[in-house]
Amino acid sequence: EDKVVQSPLSLVVHEGDTVTLNCSYEVTNFRSLLWYKQEKKAPTFLFMLTSSGIEKKSGRLSSILDKKELFSILNITATQTGDSAIYLCAVRPNTGNQFYFGTGTSLTVIP
Amino acid sequence: DGGITQSPKYLFRKEGQNVTLSCEQNLNHDAMYWYRQDPGQGLRLIYYSQIVNDFQKGDIAEGYSVSREKKESFPLTVTSAQKNPTAFYLCASKIPGGDTEAFFGQGTRLTVV
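About the thresholds
Residues numbered from 1 in each chain as written. Chains lettered and ligands numbered in written order. Predicted model: local features only at pLDDT ≥ 70, side-chain atom pairs only at ≥ 80, totals over all residues. Heavy atoms only, no water. Helix = DSSP H or I, 4+ residues; strand = E, 2+ residues; numbered from the N terminus. Buried < 20%, exposed > 50% of the residue type's maximum accessible area, 1.4 Å probe, protein only. Contact = heavy atoms within 4.5 Å. Lys, Arg positive; Asp, Glu negative; His and termini not counted. Charge placed at Lys NZ, Arg CZ, Asp CG, Glu CD. Phe/Tyr/Trp six-rings, centres within 6.5 Å; stacked < 30°, edge-to-face > 60°. Buried area = accessible area lost by both parts, 1.4 Å probe. Salt bridge = Lys/Arg side-chain N within 4 Å of Asp/Glu carboxyl O.

Novice: It is not clear to me how the overall build of chain A should be interpreted in this structure. Could you clarify?
Specialist: Assigned secondary structure in chain A consists of zero helices and eleven strands. Along chain A, from the amino end to the carboxyl end, the secondary structure elements read β-β-β-β-β-β-β-β-β-β-β. If you line up chain A on its principal axes, its C-alpha atoms span 45 × 30 × 20 Å. Here chain A holds 111 residues, and the buried ones make up 44% of them. A sequence separation of at least 24 residues applies to 53% of the contacts in chain A between residues at least 6 apart. For chain A, the distance from the average site of its 11 positive side-chain charges to the average site of its 10 negative ones is 7 Å.

Quick look at the structure:
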């Protein structure tokens, strides 16, 4: 059965801390892995990863994929209160147009 | 502006009633999805459609129904057969095929009273 597991489920940090969010997957015929940020309602797209070892970066956020070990990490440096959100990981297999989502990691950044 | 519009934002339903959630997109996307989000459970796929007049069940389709008569519209009906319908429902769309992301609507929060 295809599944995506995120850890930790929740995290509380202070502003300025660096956090690492984890996403491991077991999906037949992997195609791509996506990260989303959900602040209140609609998840917004952060990154799509298809190749191992190539870091995607946007400001203080970065992500990398390891297709051999079947996981990805999302790093956030110098966290701000605006980073407080649920971070969702999704994996798309080669067949069909489905996305398999993890449970999400709830990040709270306190001043 | 292009995007996905879900309505209503909040919906209350009495037990035993069917209710329909609306999802409209003007992104010209062929593929559309319905997800359910419960606390601590992430997003679970209810139904998805890759083209007009075609749709497939997701992991938790029981108690739900959909239609796809137009490219831009993918309404979800929560029937009385759904035993625990109180949840946050998200609609998404994407270009079929290719390495592209899915775009989400703002969601509908359904509460059974």
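What follows continues from the structure just given.
Novice: Explain the packing of aromatic side chains to me, please; I cannot follow it from the model alone.
Specialist: Two descriptors summarise a pair of aromatic rings, namely the distance from one centre to the other and the angle between the planes of the rings. Overall, the coordinates contain twelve aromatic pairs over all chains when judged by the stated rule. Residues Phe101 of chain A and Phe104 of chain B carry aromatic rings whose centres are separated by 6.1 Å and whose planes lie at 75° to one another, so their mutual orientation is edge-to-face. Here Phe104 of chain B lies in strand β10 (residues 103-104) and Phe101 of chain A lies in strand β10 (residues 100-101), a pairing that spans two chains. For the pair Phe101 of chain A and Phe104 of chain B, a shared accessibility class is recorded, and that class is buried.

Novice: Would you take a moment to explain the interface of chain B and chain A for this structure?
Specialist: How big an interface is tends to be stated in terms of accessible area lost as the parts join. Chain B puts 27 residues into the contact, and the matching count from chain A is 20 residues. Note on chain B versus chain A: buried area summed over both sides is about 1900 Å², and carbon and sulfur give 54% of it. Taken together, chain B and chain A are joined by one salt bridge. Mapped onto the side of chain B that touches chain A, the elements with two or more residues apiece are β4 (31-37), β5 (43-51) and β9 (87-94) of chain B.

Novice: Any chance you could explain the pattern of salt bridges here in plain terms?
Specialist: One pass over the full model with this rule turns up six salt bridges over all chains. Residue Glu39 of chain A is joined to Lys37 of chain A by a salt bridge in which the shortest nitrogen-to-oxygen separation is 3.9 Å. In this structure Lys37 of chain A comes out as buried when scored by relative accessible area, which is 13%. Between Arg36 of chain B and Asp38 of chain B there is a salt bridge, and its shortest N-O distance comes to 2.8 Å. What makes Arg36 of chain B buried here is its relative accessible area of 4%. Connected through shared salt-bridge partners, Arg36, Asp38 and Arg44 of chain B make up one network.

Novice: Explain unusual backbone geometry to me, please; I cannot follow it from the model alone.
Specialist: For residues that are not glycine, phi is negative in most cases, and the peptide bond is trans in most cases. Look at the link from Ser7 of chain A to Pro8 of chain A: it is a cis peptide, with omega at -10°. In this fold, Pro8 of chain A is placed in the loop between β1 (3-7) and β2 (10-14). Between Ser7 of chain B and Pro8 of chain B the backbone carries a cis peptide bond, its omega angle lying at -10°. Despite not being glycine, Asn29 of chain A has its phi angle at roughly 55°, a positive value. The exposure class of Asn29 of chain A is partly exposed, given its relative accessible area of 46%. With a phi close to 60°, Leu70 of chain A is a non-glycine residue in the positive phi region.

Don't take any of this as a statement about function, it's just geometry.
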